[in-house]
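Remarks on the overall topology
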2 protein chains.
Amino acid sequence: MNSTHSEHILRSYDQELGRLKGEIARMGEIAVAQIAAAMDVIERRDSRAAERVIANDDAIDQLEASVSNDVLMLLAKRQPMARDLREVMAALRIASDIERIGDYAANLAKRSIALNLTAAIPPVHNLPTLAEAASEMLTDVLKAYRVSDEKMARTVWDRDVDLDSLYTSLFRESLTYMMEDARNITPATHVLFMAKNIERIGDHVTNIAENIWFLVTGQSLDTPRRKADLTSRMEVRPNDTQ
Amino acid sequence: MNSTHSEHILRSYDQELGRLKGEIARMGEIAVAQIAAAMDVIERRDSRAAERVIANDDAIDQLEASVSNDVLMLLAKRQPMARDLREVMAALRIASDIERIGDYAANLAKRSIALNLTAAIPPVHNLPTLAEAASEMLTDVLKAYRVSDEKMARTVWDRDVDLDSLYTSLFRESLTYMMEDARNITPATHVLFMAKNIERIGDHVTNIAENIWFLVTGQSLDTPRRKADLTSRMEVRPNDTQ
């Protein structure tokens, strides 16, 4: 193989990887926009706009299918090794995590339609605080991916503990409203699941951070995790509400 | 390359793929056992045994790490193409879905510990029906994977609608108990999330079915999905309980 030929292969590989990273950046932008749009329709109690947010999730799903397809083509044509192989595998996994984040954003919009059937309950207004924390984590982890900065990724990973704390307090608050008035039970249940959706977005952001760490270092980021979502062990009694 | 050499390569590739499929079969068996163990500790209200179920999830996580590692090695060493490449990518994705299923089983055990802090509420006793449906789907999809039968996988995929229906009725029942007595709110919330965990196990089984379909046919299984989980749009009013 002459050097012109091998340079050509290198350039094409870089181009294809660049295309892959571009698709993932686009997926990430849409996911960030979808989270913001979901919060907007929740605040405005606009069920028709919520249906549009749900429909927009298709764009993320299609991009993920495109990334998967490009990864298969790239693996078959280029047979990348070592760091190049890790780049391609990370792209596949990160696309899958963003696709799930998109599902959660769509689910937030879907539940907002059910919320609009009853009077608004106060815990709803704390959802945007959670969503902003998750969305900032997503924006920052996408930046860390773009510039291949594993330390930046690790910093985002550390922030999930704060999101978990916000989730835990919103969980407790929602249960309190349920106990005060049985009419709050259905809407508060939706708020609980919406808060859980946002907490799960944080988990997928940490998965992305772990993939960036592995991609750059070849090692796994498996420091024992501080876990501040304590709701699965939580007990709130009716008399706590008084 | 002489024929002995190429036969040697083929045999090694088949051996490595066999090893990968063996690890996935083992992951699947542990996941099925973990779901059964979670239901057992819930029924017996045994928090110490629940802690053991939570700890056992490590075995699945370790196997998934091992599958990921083997996939990277196999891609680098063998550079598989076409169906062989699809086999390897399917292994990676299926291992990831089983790992998530393991997380849900562990989460069921974790929430059972919180449930044991208050008196038992009747909806708990409907969890095993859901879990059995999910577990049978998992067993059958693992069989479809073992024998590479895409039609069998498709049949499992179709059954998720029934699991969604079971989930919807348990969701409604739990809300009704919450409305009857505020003391039921905390345990019923845990039951809601536990039911959701099982419903999500079904979603991961359908992902596995879709991967088997793609692996065998090279096409995606994207028939518009009947969706019977209507709980995210559900409204249950207190006076429905009378």
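Note that the coordinates shown come from a computational prediction; the quantities given were computed from them, not determined experimentally.

Let us now look at the overall build of chain A. Of the regular secondary structure elements, chain A holds six helices and zero strands. Listing each helix as α and each strand as β along chain A from the N terminus yields α-α-α-α-α-α. Projected onto its principal axes, the C-alpha coordinates of chain A cover approximately 80 × 40 × 20 Å. When each of the 242 residues of chain A is scored for burial, the buried share is 54%.

The next thing to look at is helix α6 (residues 185-217) of chain B. Residue and element names in this part refer to chain B. The end-to-end C-alpha distance of α6 is 48 Å, a good match for the 48 Å that 33 residues give at a rise of 1.5 Å each. By the criterion of burial, α6 is predominantly enclosed, with 27 of the 33 residues buried. Just beyond α6, the residue with positive phi is G218, at close to 75°.

What follows is about the pattern of salt bridges. Here the structure, examined in full by the defined rule, presents 32 salt bridges over all chains. The partner of K151 of chain A in a salt bridge is E150 of chain A, with the nearest N and O atoms 3.7 Å apart. The class of E150 of chain A is buried, set by a relative accessible area of 16%. With its nearest N and O atoms 2.9 Å apart, the salt bridge here joins R44 of chain B to D46 of chain B.

A few words on the interface of chain B and chain A. Across the boundary between the two partners, chain B contributes 46 residues, which contact 46 residues of chain A. Taken together, the two surfaces of chain B and chain A that pack against each other cover about 3900 Å², and 65% of this comes from carbon and sulfur. Where chain B packs against chain A, one counts zero salt bridges. Linking chain B to chain A there are two residue pairs in polar contact (both at pLDDT 80 or more). Looking at the side of chain B that touches chain A, the element that brings in the most residues is helix α3 (residues 82-115) of chain B, giving ten residues.

Here the focus is the packing of aromatic side chains. Under the defined criterion, the tally for this structure stands at five aromatic pairs over all chains. Aromatic side chains F171 of chain A and F193 of chain B sit 5.9 Å apart centroid to centroid with 45° between the ring planes, which places their arrangement in the tilted category. Separated into two different chains, F171 of chain A in helix α5 (residues 150-180) and F193 of chain B in helix α6 make up a pair that spans both. Since its relative accessible area comes to 1%, F171 of chain A is described here as buried. A connected cluster of aromatic rings, assembled from ring pairs, spans Y167, F171 and F193 of chain A together with Y167, F171 and F193 of chain B. Above the plane of the ring of Y145 of chain B lies K21 of chain B, whose end atom (NZ or CZ) is 4.3 Å from the centre. Residue placement shows R86 of chain B over the ring face of F214 of chain B; its charged tip is 5.9 Å from the ring centre.

A separate point is the relation of the copies chain B and chain A. Once chain B has been moved 0.0 Å along the axis and rotated by 180°, it coincides with chain A to within an RMSD of 0.0 Å. In symmetry terms, the pair is related by a two-fold rotation axis. No C-alpha of chain B approaches the rotation axis more nearly than that of Q79 of chain B, which lies at 2.9 Å.

Further remarks concern empty space enclosed by the protein. On inspection of all chains with the given rule, the structure shows one cavity of 30 Å³ or more. Taken as a whole, the largest cavity spans an internal volume of roughly 50 Å³. Contributing to the lining of the largest cavity are L75, Q79, P80 and L85 of chain A together with L75, Q79, P80 and L85 of chain B.

Further remarks concern the environment of L117 of chain A. Within the secondary structure layout, L117 of chain A lies in the loop between α3 (82-115) and α4 (127-146). Exposure remark for L117 of chain A: the relative accessible area of 47% places this residue in the partly exposed category. Along the primary structure L117 of chain A and R19 of chain A are separated by 98 residues, whereas in three dimensions their C-alpha atoms are 44 Å apart. Leave out the neighbours within four places in its chain, and L117 of chain A touches R233, E235 and R237 of chain B.

Let's shift gears to the confidence of the model for chain A. Low pLDDT marks regions whose predicted coordinates should not be analysed in detail. All names here are of chain A. When the pLDDT values of chain A are averaged, the result is 91; 90% of them are 70 or greater. Mean pLDDT in chain A bottoms out at helix α1 (residues 3-44), which sits at 88, and peaks at α4, which reaches 98. Interface confidence for the predicted complex, given as ipTM, is 0.84, next to a pTM of 0.88.

Residue and element names in this part refer to chain A. Of note, D70 is situated in helix α2 (residues 47-78). Judged by its relative accessible area of 15%, D70 falls in the buried class. Among the polar contacts made by the side chain of D70, one reaches the side chain of R19 at a distance of 3.1 Å. Beyond its immediate stretch of four places on either side in the chain, D70 contacts R19, L20 and E23.

Before going further, it helps to spend a moment on helix α2 (residues 47-78) of chain B. Residues and elements named next belong to chain B. Over its 32 residues, α2 runs 47 Å from end to end, which matches the ideal 46 Å to within 8%, given 1.5 Å per residue. Measuring from the backbone nitrogen of R48 back to the side-chain oxygen at the start of α2 gives 3.2 Å, which picks out D46 as the cap. Positioned one or two residues after α2, Q79 has a phi angle of 40°, which is positive.

Our focus in this paragraph is unusual backbone geometry. Residue and element names in this part refer to chain A. Although it is not a glycine, A82 sits at a positive phi angle of roughly 50°. Tracing the sequence through the fold places A82 in helix α3. Judged by its relative accessible area of 55%, A82 is exposed. A positive phi angle is found at S148, which is not glycine, with a value near 50°. Summarising the element assignment, S148 is placed in the loop between α4 and α5. On the accessibility criterion, S148 (22% relative accessible area) is partly exposed.

About the thresholds
- Residues numbered from 1 in each chain as written.
- Chains lettered and ligands numbered in written order.
- Predicted model: local features only at pLDDT ≥ 70, side-chain atom pairs only at ≥ 80, totals over all residues.
- Heavy atoms only, no water.
- Helix = DSSP H or I, 4+ residues; strand = E, 2+ residues; numbered from the N terminus.
- Buried < 20%, exposed > 50% of the residue type's maximum accessible area, 1.4 Å probe, protein only.
- Expected span 1.5 Å × (residues − 1).
- Salt bridge = Lys/Arg side-chain N within 4 Å of Asp/Glu carboxyl O.
- Contact = heavy atoms within 4.5 Å.
- Buried area = accessible area lost by both parts, 1.4 Å probe.
- Polar contact = N/O pair within 3.5 Å; in protein donor to acceptor, adjacent residues only side chain to side chain.
- Phe/Tyr/Trp six-rings, centres within 6.5 Å; stacked < 30°, edge-to-face > 60°.
- Lys NZ or Arg CZ within 6 Å of the ring centre and 35° of its normal.
- Least-squares fit on C-alpha atoms with pLDDT ≥ 70 in both.
- 1 Å grid on protein atoms, 1.4 Å probe; cavity = no way out; pocket = protein on both sides within 12 Å on 5 of 7 lines; lining within 4 Å.
- Points joined across faces, edges and corners; volume = space filled by probe spheres on them.
- pLDDT = per-residue confidence, 0-100.

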